[in-house]
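Per-entry structural report
Here is how the chains run, residue by residue.
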Amino acid sequence: MASSFSDQLTLLSSLTFNRGINVLKIYWSYFWSKLSKNGTITGLPLSITIEPTTACNLGCPECPSGLKQFTRAEGNLKTDFYKKIIDEVKHHAFYLNFYFQGEPYINPNFLEMVSYANTKKIYTATSTNAHFLTTQKAEETVKSGLSRLTISIDGTTQETYESYRKGGDLNKVLEGAKNIIEAKKKLNSKTPYVIFQFLVVQPNEHQLEDAKKLSTQIGVDEIRFKTAQVYDYKNGNPLIPTIEKYARYKKQTDGTYKLKNKMPNECWRMWSSCVITWDGKIVPCCFDKDAKHQLGDLKTHSLKQIWQNTDYVKFRKQLLLNRSAIDICQNCTEGTKVFD
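Below is a short write-up of the structure. Everything numeric in this text was worked out from a predicted model, so none of it was measured. (Residues numbered from 1 in each chain as written. Predicted model: local features only at pLDDT ≥ 70, side-chain atom pairs only at ≥ 80, totals over all residues. Heavy atoms only, no water.)

Looking at empty space enclosed by the protein
Quick reminder of the rule: The way it works is a 1 Å grid over only the protein atoms, where trapped points that fit a 1.4 Å probe form a cavity and open points with protein on both sides within 12 Å along at least five of seven lines form a pocket, and then any residue with an atom within 4 Å of a point lines it. Grid points are joined across faces, edges and corners, and a volume is the space filled by probe spheres set on the points. Here the term charged refers only to Asp, Glu, Lys and Arg, the term nonpolar to Ala, Val, Leu, Ile, Met, Phe, Trp, Tyr, Cys and Pro, and the term polar to all other amino acids, Gly among them.
One pass over the full model with this rule turns up one cavity of 30 Å³ or more. The volume enclosed by the largest cavity comes to roughly 30 Å³. When its residues are assigned to classes, the lining of the largest cavity shows seven nonpolar, no polar and one charged.

If you want it as structure tokens, here you go:
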């Protein structure tokens, strides 16, 4: 498998002078805020997560998109609205994640959107279940300039794979991954950097070594094993792996479970990035899947206005004072490391 060095170079190549100055402003704001417990901020987000669609072809058990459990509106990101957002953020943001909820390739204009961001020299990444990566779509993906493609695999046999990826077909996933690798070779392209992501749950934890071998066989650049978030974990859950390294939760003496890691009153992501729903709502992070903590609307205000408004400052301050009181933080093990 290839080194991630080329991927890091791709990311660094998107760091212009103005974006670099903004990075310094965000760093300063973050560390000063931790000392002062003040939610004010200088600079604008370095990273933007934008949602191409809420639709998904699968029905994964811990995903509100797959289970159709949203209370918010569902739909596809519109191209003109998206371009307006990119034109606003291109001076300060250099990382664009095309994924929040849903399967990105369901949006028929997804790769056109990737191409547009690529013309603005923005690093682009997405995550897919790979069911739509036909030979043609794989070539279009490479031509779009997509920087990183994460493919969810979660099993090396159909039985294990579909135990979590309900309605999924492992053969389609593997064929899609092969199509991407072949398209890169055909077009002599180093991008996208292809990652197999294996979400470790109890039904598939026996296949970790097989997954490594499969990733080498297919020829992806990297495989990553990810801990799984489950909503109902207090009294145990059949998805929680027995391998402690890959479990977010730890069993206590009374038989109940708790989040394994501590939750310090800080979160780099609240200073460095934001999430935009398909219809333009700004939410704090990817753990707010149903957009309950809306901090602004890009259809009525600019991102700069929202980023520094009273609600955003108040949210950051609350996080610095008592993060555990914020519901979307209560099942989170991420966000405390700079560039984690």
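Now, onward.
Some remarks on the pairing of strand β3 (residues 123–128)
Each regular strand shows side chains that alternate between the opposite faces of the sheet. Just so we agree on the cut-off: Under the scheme applied here, a residue whose accessible area is under 20% of the maximum for its type counts as buried, over 50% as exposed, and between as partly exposed, the area being computed with a 1.4 Å probe on protein chains only. We count a stretch as a helix when DSSP gives it H or I for four or more residues in a row; a strand needs E for two or more, and each element gets its number in order from the N terminus. DSSP-based pairing: two strands are paired if at least 2 bridges between them are found. When the strands point away from the viewer, a crossover counts as right-handed if the route from the first strand across the helix to the second turns clockwise.
Judged by how many residues are buried, β3 sits mostly within the fold: six of six residues are covered. Burial of β3 is two-sided: the residues Tyr123, Ala125 and Ser127 facing one way and the residues Thr124, Thr126 and Thr128 facing the other way are all buried. With three bridges joining them, strand β2 (residues 95–97) and β3 adopt parallel strand pairing. Residue pairing in the sheet places Asn97 in a bridge with Ala125 of β3. A crossover links β2 with its parallel partner β3, the connecting element being helix α4 (residues 110–119), and its sense is right-handed.

Here's the deal with the packing of aromatic side chains
We count it as follows: Only rings of Phe, Tyr and Trp enter the pairing, Trp through its six-membered ring, and a pair is recorded when the two centres are within 6.5 Å. The plane angle decides the type: under 30 degrees is stacked, over 60 is edge-to-face, the rest tilted. By the criterion adopted, a ring carries a charge over it if an Arg CZ or a Lys NZ lies within 6 Å of its centre and within 35 degrees of its normal.
Tallied over the entire structure, the rule returns 15 aromatic pairs. The lysine or arginine in question, Lys289, covers the ring of Phe287, its NZ or CZ lying 5.1 Å from the ring centre. Here Arg316 stacks its cationic end above the ring of Trp307, 4.5 Å away from the centre of that ring.

A closer look at the pattern of salt bridges
Our working rule: Here, a salt bridge means any Lys or Arg side-chain nitrogen found within 4 Å of an Asp or Glu carboxyl oxygen.
Tallied over the full model, the rule gives 13 salt bridges. We note a salt bridge from Asp7 to Arg148, for which the minimum N-O separation is 2.9 Å. Of this pair, Asp7 sits in helix α1 (residues 5–12) while Arg148 sits in strand β4 (residues 148–152); the two residues are 141 residues apart in sequence, bridging distant segments of the chain. The partner of Arg224 in a salt bridge is Glu222, with the nearest N and O atoms 2.8 Å apart.

Digging into helix α2 (residues 17–36)
In plain terms, the rule: Expected span, for any helix, means 1.5 Å times one less than how many residues it has. Think of it as the arc spanned by the lines of direction from the helix axis to the C-beta atoms. Whether two residues are in contact is decided by their heavy atoms: any pair within 4.5 Å suffices.
For α2, built from 20 residues, the straight-helix expectation of 28 Å at 1.5 Å per residue is met to within 8% by its first-to-last C-alpha distance of 29 Å. Looking only at α2, the buried set comprises Arg19, Asn22, Val23, Ile26, Ser29, Tyr30 and Ser33. Here the buried residues of α2 occupy an arc of 130° about the axis, which is enough to place them on one side. The exposed residues of α2 that point more than 90 degrees off its buried face are Phe17, Leu24, Trp28 and Leu35. Contact partners of the buried residues in α2: α9 (269–272) and α11 (310–322). Immediately downstream of α2, the backbone of Lys37 shows phi near 60°, a positive value.

Details of a nonpolar patch on the surface
Keep this limit in mind: Patch criteria: residues need more than 30% relative accessible area and no salt bridge. Like-charged residues are merged within 9 Å; nonpolar side chains of Val, Leu, Ile, Met, Phe, Trp and Tyr are merged within 5 Å. Per-residue and other accessible areas follow the Shrake-Rupley method at a 1.4 Å probe size, with only the shown protein chains counted as cover for residues.
Together, Phe5, Leu9, Leu12 and Leu15 give the surface a local cluster of nonpolar side chains, amounting to about 400 Å² of exposed area. Relative to the helices and strands, Leu12 is located in helix α1.

Describing the sheet that holds strand β1 (residues 47–50)
Filter applied, for reference: For helices, the fitted line uses only the C-alpha atoms of the stretch in contact; every axis is such a line through C-alpha atoms, and the angle between N-to-C directions lies from 0 to 180 degrees.
In spatial order, the strands read β6-β5-β4-β3-β2-β1-β9-β10-β11; together these nine strands make up an open sheet with mixed pairing. Looking at which strands have only one partner, the edges of the open sheet turn out to be β6 (222–227) and β11 (296–297). Where β3 and β4 come together, four bridges link them in parallel fashion. Looking at β4, one finds that Ala125 is bridged to Arg148. Sheet contacts for helix α7 (residues 170–186): β4 and β5 (193–200); angle to β5, the most-contacted strand, approximately 160°.

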